[in-house]
Amino acid sequence: MKKIFLTLVALLMTVTAANAFIDSYTINRDKLPEEAKQMLDEYFPKAKVSNIKIDRHLLKKTDYDVRLTNGTKIEFTNKGKWTSVDCGKKALPSGLVPNTVNKYITKNYSGLKIVSITKRNAGYDIGLSDGVSLRFNLLGQFKGVIEQDS
């Protein structure tokens, strides 16, 4: 009897722990951290939220994947800082891109739009409307073209 009880307790604890890390979905902006809500209000004021995926990880902190009705995808950290913004084929709001990066792209890739940006520890990856991806350091200095996998 004692073995059955201990087995049931262990099973219950396992199921409870597993449920704590299951991703959840919502469209309620209030589930986002305050900084994420402010970013959405500032750069995408008219866009409505289509879907928010709340990623819970076992060893990492929670992060948020937001999809807007206009097709834009944004990833946020658990504190609400954006890490990636992909506007598909539409131009990214210019305020999200550092000025030095904007100037470089305007000068060297005129006629192309910036459609995505990803923050990295060492800088930014920028996606252009023609499919080219560029890498910049934290100071906005060009570091190279990112090779695309075939």
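The shown structure was predicted, so the numbers you read here are calculated from the model rather than taken from an experiment. All residue numbers refer to positions counted from 1 along the written sequence of the respective chain. It should be noted that, the model being predicted, local features are given only for residues of pLDDT at least 70 and side-chain atom pairs only at 80 or more, the latter also being counted only at that level, while totals for whole chains, interfaces and linings use all residues. The basis for the side-chain values is all heavy atoms of the structure; hydrogens and waters are excluded.

### A few points about the pattern of salt bridges
No. 1: Each reported salt bridge corresponds to a side-chain nitrogen of Lys or Arg within 4 Å of a carboxyl oxygen of Asp or Glu. By the definition in use, this model includes five salt bridges.
No. 2: One salt bridge connects Arg-120 with Asp-125, and the closest N-O pair in it is separated by 2.9 Å.
No. 3: For every residue, the accessible area (1.4 Å probe, protein chains only) is compared with the maximum for its type, and the residue is labelled buried under 20%, exposed over 50%, or partly exposed between those bounds. Residue class for Arg-120 comes out partly exposed when judged on its relative accessible area of 27%.
No. 4: For Asp-125, the salt bridge is made with Arg-135, and the minimal N-O distance between the two is 2.7 Å. A residue pair is termed long-range when its members are at least 10 positions apart, and Asp-125 in strand 7 (residues 123–128) and Arg-135 in strand 8 (residues 133–137) qualify at 10 residues.
No. 5: Taking relative accessible area as the criterion, Asp-125 reaches 15% and is therefore assigned buried. Comment: elements are numbered from the N terminus, with helices defined as DSSP H or I runs of at least four residues and strands as E runs of at least two.

### Let's talk about the pairing of strand 7
No. 1: Most of strand 7 sits out of view: six of its six residues are buried.
No. 2: Think of it this way: DSSP has to see at least two bridges between two strands before they count as a pair. Two elements, strand 6 (residues 114–120) and strand 7, share six bridges in a ladder whose sense is antiparallel. Residue pairing for strand 7: Thr-118 is matched across the bridge by Asp-125.
No. 3: From the end of strand 6 to the start of strand 7, which pair antiparallel, there are two residues.
No. 4: Sheet topology note: the strand 7/strand 8 ladder contains five bridges and is antiparallel. What sits directly across from Tyr-124, in strand 8, is Phe-136.
No. 5: The hairpin formed by strand 7 and strand 8 contains four residues between the paired strands, and Gly-131 there has a positive phi angle of roughly 95°.

### Some remarks on the environment of Gly-88
No. 1: You can see Gly-88 is positioned in the loop between strand 5 (82–86) and helix 3 (99–108).
No. 2: The exposure class assigned to Gly-88 is partly exposed, which follows from its relative accessible area of 39%.
No. 3: Along the sequence, Gly-88 and Gly-71 sit 17 residues apart, while their C-alpha atoms lie 6.7 Å from each other.

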